[in-house]
Each structure stands twice: as structure tokens, then as C-alpha cells.
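Given next are the chains, with one letter for each unit.
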Amino acid sequence: MHQNGIPWNDMSGKRLRNWLGVTDEAFYNAKNIALSPMGFCYPGKGKSGDLPPRKECAEAWHEQLMSKMQEAKLVLLVGQYAQKYYLQEKAKKTLTETVSNYESYLPKYFPLPHPQPRNRFWLSKNPWFEEEVLPKLKAEVSRLLGS
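Report on the accompanying structure. Here the structure is a predicted model, which means the values were calculated and not measured.

## Comments concerning the nonpolar core
Looking at soluble globular proteins, one finds that nonpolar side chains tend to be buried together.
Phase 1 of the analysis: By size, the foremost hydrophobic cluster in this structure holds 22 residues, and its most contacted members are Trp19, Leu20, Phe110, Leu112, Trp122, Phe129 and Leu137.
Phase 2 of the analysis: Only helix H1 (11-20), helix H2 (24-27), helix H5 (95-100), strand E4 (109-112), helix H6 (120-125) and helix H7 (127-145) provide two or more residues apiece to this core.
Phase 3 of the analysis: The greatest single-element share of this core, amounting to six residues, is contributed by H7.
Phase 4 of the analysis: In this structure, Phe129 is in contact with Trp19, Val99, Leu112, Pro113, Trp122, Leu123 and Leu134, ignoring residues within four places of it in sequence.
Phase 5 of the analysis: Grouped together as the second largest cluster of nonpolar side chains are 10 residues, Met38, Val75, Ala82 and Ala91 included.

Right, here's the structure in full:
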């Protein structure tokens with residue numbers, strides 16, 4: 001993103017588009033999908049990956065952005081930071097519990113793990129995600145996009 005200005009233009013984005021069952025064209029079409037990061041600046045590297053998004057960024061911008069997207073039919077909560085911010089006390093104790101209970105957040109929210117390559121261990125420990133959750137996610141996205 002910082003090199004070419006295109007969000008999700010990396011391996012994480014490729015995996016996310018696969019999870020959604022959409023083409024690059026559908027994903028980057030603003031009439032289909034709106035993209036919003038939790039933070040609006042790169043927080044820097046930490047010991048085990050990127051640092052968490054800065055809280056003041058979400059507080060300053062998310063309410064304003066969401067108020068402009070009243071027609072949004074589904075909000076994908078990608079990663080624990082988005083889940084904790086939007087679900088607040090409804091979020092479960094862990095990302096795994098929140099994602100496994102995704103149906104309780106529908107029809108507005110669909111919590112997902114982050115598709116980053118580092119999460120391959122989470123994916124291998126939780127095969128139910130790819131077996132049970134992803135087919136339902138793809139079906140819902142397909143329904144919403146009318147494809």
C-alpha cells in the first residue's frame with residue numbers, strides 16, 4: 001500500500017479476495033466494496049509484526065466514514081482490532097471465539113482473521129474456518145454482489 005497506493009495489493013489481499021470469492025476488478029470497484037483501515041497511518045514494526053493501529057485514528061475517522069456508507073450491507077471485520085472496535089463488549093474473549101461465532105454478528109458484521117501470511121498457523125489449527133465459514137462468506141458476498 002505504501003509503495004503503490006493500492007490497499008490489499010499483497011499476499012494478504014490475494015488471500016482475502018480468495019476468501020470472498022471475488023476478482024480483483026470486483027474487489028477494487030468502489031460500487032461493490034469500500035475499504036477502510038483501522039488506522040490511517042502505518043504504526044511501525046513491533047517484536048512480532050506490525051504494531052497495533054493507533055486508537056486516535058479510529059476514533060477520529062471511523063464514525064464519520066461509516067455515516068457516509070449507510071448503504072453498506074455487510075461490514076467485514078478483518079482482524080482482532082476491527083472486531084474489538086466494532087463489536088465492543090459483544091466480541092468474544094479471543095479472535096478464534098469471535099470468528100467461530102460469526103453468525104451471531106450477522107447480518108451487519110462478518111468477523112474474519114487477518115489474511116496475512118503469518119496467520120498460516122492459525123488457519124492450520126482451525127480447519128473449520130476454511131471448511132465451514134468461508135463457503136458461507138463466499139455465498140453471502142456473491143448474494144450481495146448479485147453474482
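## Observations concerning the packing of aromatic side chains
Phase 1 of the analysis: The tally for this structure, following the rule as stated, stands at nine aromatic pairs.
Phase 2 of the analysis: Ring geometry for Phe27 against Tyr28: centres 5.0 Å apart, planes inclined by 90°, an arrangement best described as edge-to-face.
Phase 3 of the analysis: According to the relative accessible area criterion, Phe27 is buried, its value standing at 2%.
Phase 4 of the analysis: Owing to a relative accessible area of 32%, Tyr28 belongs among the partly exposed residues under this scheme.
Phase 5 of the analysis: Judged by centre distance (6.4 Å) and plane angle (65°), the rings of Phe40 and Trp61 are edge-to-face.

## Considering the layout of surface pockets
To find leftover empty space, a probe the size of one water molecule is rolled over the atoms.
Phase 1 of the analysis: A volume near 300 Å³ is recorded for the second largest pocket.
Phase 2 of the analysis: Lining the second largest pocket are 13 residues, and of these Met66, Val75, Tyr86, Lys108 and Tyr109 lie nearest its centre.
Phase 3 of the analysis: For the lining of the second largest pocket, the element with the highest residue contribution is helix H4 (residues 80-87), accounting for three residues.
Phase 4 of the analysis: In terms of residue class, the lining of the second largest pocket is made up of nine nonpolar, two polar and two charged.

## A short note on a nonpolar patch on the surface
Phase 1 of the analysis: Taken together, the side chains of Ile6, Tyr28 and Leu35 define a hydrophobic patch exposed on the protein surface, amounting to about 220 Å² of accessible area.
Phase 2 of the analysis: One can find Tyr28 in the loop between H2 and strand E1 (45-46).

## What about the pairing of E4?
Phase 1 of the analysis: Every second residue of E4 is oriented toward a common face, with Tyr109 and Pro111 on one face and Phe110 and Leu112 on the other, all of them buried.
Phase 2 of the analysis: Taken together, the four bridges between strand E3 (residues 75-78) and E4 define a ladder with parallel strand orientation. Paired with Val78 across the bridge in E4 is Leu112.

## Re the side chain of Asn126
Phase 1 of the analysis: With respect to the helices and strands, Asn126 occurs in the loop between H6 and H7.
Phase 2 of the analysis: With a relative accessible area of 10%, Asn126 lands in the buried category.
Phase 3 of the analysis: Within the structure, Asn126 has its side chain in polar contact with the backbone oxygen of Trp122 (distance 2.8 Å).

## What to know about unusual backbone geometry
Phase 1 of the analysis: For the peptide bond that leads from Leu106 to Pro107, omega is 10°, which places it in the cis range.
Phase 2 of the analysis: Even without being glycine, Trp8 reaches a positive phi, approximately 60°.
Phase 3 of the analysis: Of note, Trp8 is situated in the segment before H1.
Phase 4 of the analysis: Look at Trp8 and you get partly exposed, because its relative accessible area is 22%.
Phase 5 of the analysis: One non-glycine residue, Gln88, lies in the positive phi region at around 50°.
Phase 6 of the analysis: Relative to the helices and strands, Gln88 resides in the loop between H4 and H5.
Phase 7 of the analysis: On the basis of relative accessibility, which here comes to 52%, the residue Gln88 falls in the exposed class.

What counts, and at which threshold
- Residues numbered from 1 in each chain as written.
- Predicted model: local features only at pLDDT ≥ 70, side-chain atom pairs only at ≥ 80, totals over all residues.
- Heavy atoms only, no water.
- Core = buried A, V, L, I, M, F, W, Y, C linked by side-chain atoms within 4.5 Å.
- Buried < 20%, exposed > 50% of the residue type's maximum accessible area, 1.4 Å probe, protein only.
- Helix = DSSP H or I, 4+ residues; strand = E, 2+ residues; numbered from the N terminus.
- Contact = heavy atoms within 4.5 Å.
- Phe/Tyr/Trp six-rings, centres within 6.5 Å; stacked < 30°, edge-to-face > 60°.
- 1 Å grid on protein atoms, 1.4 Å probe; cavity = no way out; pocket = protein on both sides within 12 Å on 5 of 7 lines; lining within 4 Å.
- Points joined across faces, edges and corners; volume = space filled by probe spheres on them.
- Nonpolar A, V, L, I, M, F, W, Y, C, P; charged D, E, K, R; others polar.
- Patch = residues over 30% accessible without salt bridge, like charges linked within 9 Å, V, L, I, M, F, W, Y side chains within 5 Å.
- Areas by Shrake-Rupley, 256 points an atom, 1.4 Å probe, with all protein chains shown as cover.
- Salt bridge = Lys/Arg side-chain N within 4 Å of Asp/Glu carboxyl O.
- Pairing = 2+ DSSP bridges.
- Polar contact = N/O pair within 3.5 Å; in protein donor to acceptor, adjacent residues only side chain to side chain.

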